[in-house]
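Below, each chain spelled out in residue letters.
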Amino acid sequence: MSSNIDYTSPATQFTFDVNDSPIFKKDNQNFINVLGIKQLNTLENVSLLDIFLSAGNVIEPHYHQHAAELVYCISGACTVSFLNPFTKEIQNYPITPGQVANVPQGWWHYIVATANNTHFLGIFDAPTPEVILGSDLLKLTPSNIMVHTYCMDESQWKKAIAPVEPSTFIGPPKDCNRVKETTSYPVPHSVEQYADQMCPYTYQK
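An account of the accompanying structure is given in this report.

Rules behind the numbers
- Residues numbered from 1 in each chain as written.
- Predicted model: local features only at pLDDT ≥ 70, side-chain atom pairs only at ≥ 80, totals over all residues.
- Heavy atoms only, no water.
- Helix = DSSP H or I, 4+ residues; strand = E, 2+ residues; numbered from the N terminus.
- Buried < 20%, exposed > 50% of the residue type's maximum accessible area, 1.4 Å probe, protein only.
- Pairing = 2+ DSSP bridges.
- Axes fitted to C-alpha atoms, helices over the stretch in contact; angles between N-to-C directions.
- Salt bridge = Lys/Arg side-chain N within 4 Å of Asp/Glu carboxyl O.
- Phe/Tyr/Trp six-rings, centres within 6.5 Å; stacked < 30°, edge-to-face > 60°.
- Arc of directions from axis to C-beta.
- Contact = heavy atoms within 4.5 Å.
- Parallel < 35°, antiparallel > 145°, perpendicular 65-115°, else oblique.
- Left-handed = near helix turned anticlockwise from the far one by under 90°.
- Nonpolar A, V, L, I, M, F, W, Y, C, P; charged D, E, K, R; others polar.

Observations concerning the environment of C176
Argument step 1. Structurally, C176 can be placed in the segment after β12 (170-171).
Argument step 2. For the pair C176 and P163, spaced 13 residues apart in sequence, the C-alpha separation works out to 9.1 Å.

Given below as structure tokens:
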């Protein structure tokens, strides 16, 4: 195996504290740390995100354009969901400590914490975990292109995406005041109202 790393250099790094490398923080229970070649210069074709979530929080829909992602659950529980581009179906995989779910490169996916104190790793076969986020696609695609392409009312589209913050990473936002009874998304304290819906998540109290 060839390598361009100079292992004799005093600048060569073999260890790193991922706790010192935050990439996004919503609050003290929901945050992401990163490890890539920028943090540890002896890495080659591997990197990771160290992710902590409380129940009901979501790693927003996104895809990794240059890498597959192996999700390894350390504590708590989460459901890894992706759109299979070959079957055109959403596939949902609940995982608990010691279990993994694999997301192929370029597949649209999201991860929902179904228990408090959930901790998992996203491990990538690339030196840096690059990502394209759903919130960025919604906010950065010109409204006139969306409404023309999909025959929508532009004012309604702009109103619908107005609350979306670019680079959300972890949702819902801290200031979300959505009325829970009218949403189609599950929340940890009202599981029963979603029992007859197609959402696959089961929350642990």
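From this point, the discussion proceeds with the structure in view.
Some remarks on unusual backbone geometry
Argument step 1. In this chain, G171 is followed by P172 through a cis amide linkage whose omega measures -5 degrees.
Argument step 2. On the secondary structure map, P172 appears in the segment after β12.
Argument step 3. Positioned with a positive phi, N117 is a non-glycine residue whose angle comes to about 60 degrees.
Argument step 4. Its place among the elements puts N117 in the loop between β9 (109-113) and β10 (118-124).
Argument step 5. For N117, a relative accessible area of 63% corresponds to the exposed category.
Argument step 6. Notably, F169 is not glycine yet its phi reads approximately 65 degrees, a positive angle.
Argument step 7. Mapping F169 onto the fold places it in the loop between α3 (154-161) and β12.

A look at the sheet that holds strand β2 (residues 30-35)
Argument step 1. Across the sheet, which stays open at both edges, the 6 strands sit in the order β1-β2-β3-β10-β5-β8 with antiparallel pairing between neighbours. In this open sheet, the two edge strands, each paired with only one partner strand, are β1 (22-27) and β8 (100-103). When strand polarity is set aside, the average angle formed by the axes of neighbouring strands in this sheet is 15 degrees.
Argument step 2. Pairing of strand β3 (residues 47-53) with β10 involves 7 bridges; the strand directions are antiparallel. Bridging across to β10, L53 finds its partner in T118.

Focus on the pattern of salt bridges
Argument step 1. The full count for this structure, using the stated rule, is 1 salt bridge.
Argument step 2. The salt bridge involving E154 is made with K158; its shortest N-O contact spans 3.6 Å. Residue E154 and its partner K158 are both found in helix α3; the two are separated by 4 residues, about one turn of the helix.
Argument step 3. Since its relative accessible area comes to 45%, K158 is described here as partly exposed.

Section: the environment of V58
Argument step 1. Checked against the element boundaries, V58 lands in strand β4 (residues 58-63).
Argument step 2. Taking the C-alpha atoms as reference points, V58 and G171, 113 residues apart in sequence, are found 5.1 Å from one another.

Observations regarding the packing of aromatic side chains
Argument step 1. According to the stated counting rule, one finds 7 aromatic pairs in the structure shown.
Argument step 2. Seen from their ring centres, F82 and W107 are 5.2 Å apart, and the 70 degrees between their planes marks the pair as edge-to-face. Taken together, the residues span a long stretch of sequence, with F82 in strand β6 (residues 78-84) and W107 in the loop between β8 and β9 at a distance of 25 residues.
Argument step 3. The buried category is assigned to W107, whose relative accessible area is 14%.
Argument step 4. Cluster of aromatic residues (ring-pair linked, three or more members): F82, F86, Y93 and W107.

Looking at helix α2 (residues 143-150)
Argument step 1. All buried positions along α2 are accounted for by S143, M146 and V147. Buried residues of α2, viewed axially, fall in a sector of 90 degrees; they line one side.
Argument step 2. Buried residues along α2 sit against α3.

Observations regarding the packing of α2 against α3
Argument step 1. α3 packs onto α2 with a crossing angle of 120 degrees between their chain directions and a minimal axis gap of 9 Å. If you check the angle between α2 and α3, you find them oblique. You can see that α2 and α3 cross each other, and the crossing is right-handed. Residues S143, N144, M146 and V147 of α2 form the contact with α3, whose own contacting residues are E154, W157 and K158.
Argument step 2. Grouping the constituent residues of the contact of α2 with α3 by class yields 3 nonpolar, 2 polar and 2 charged.

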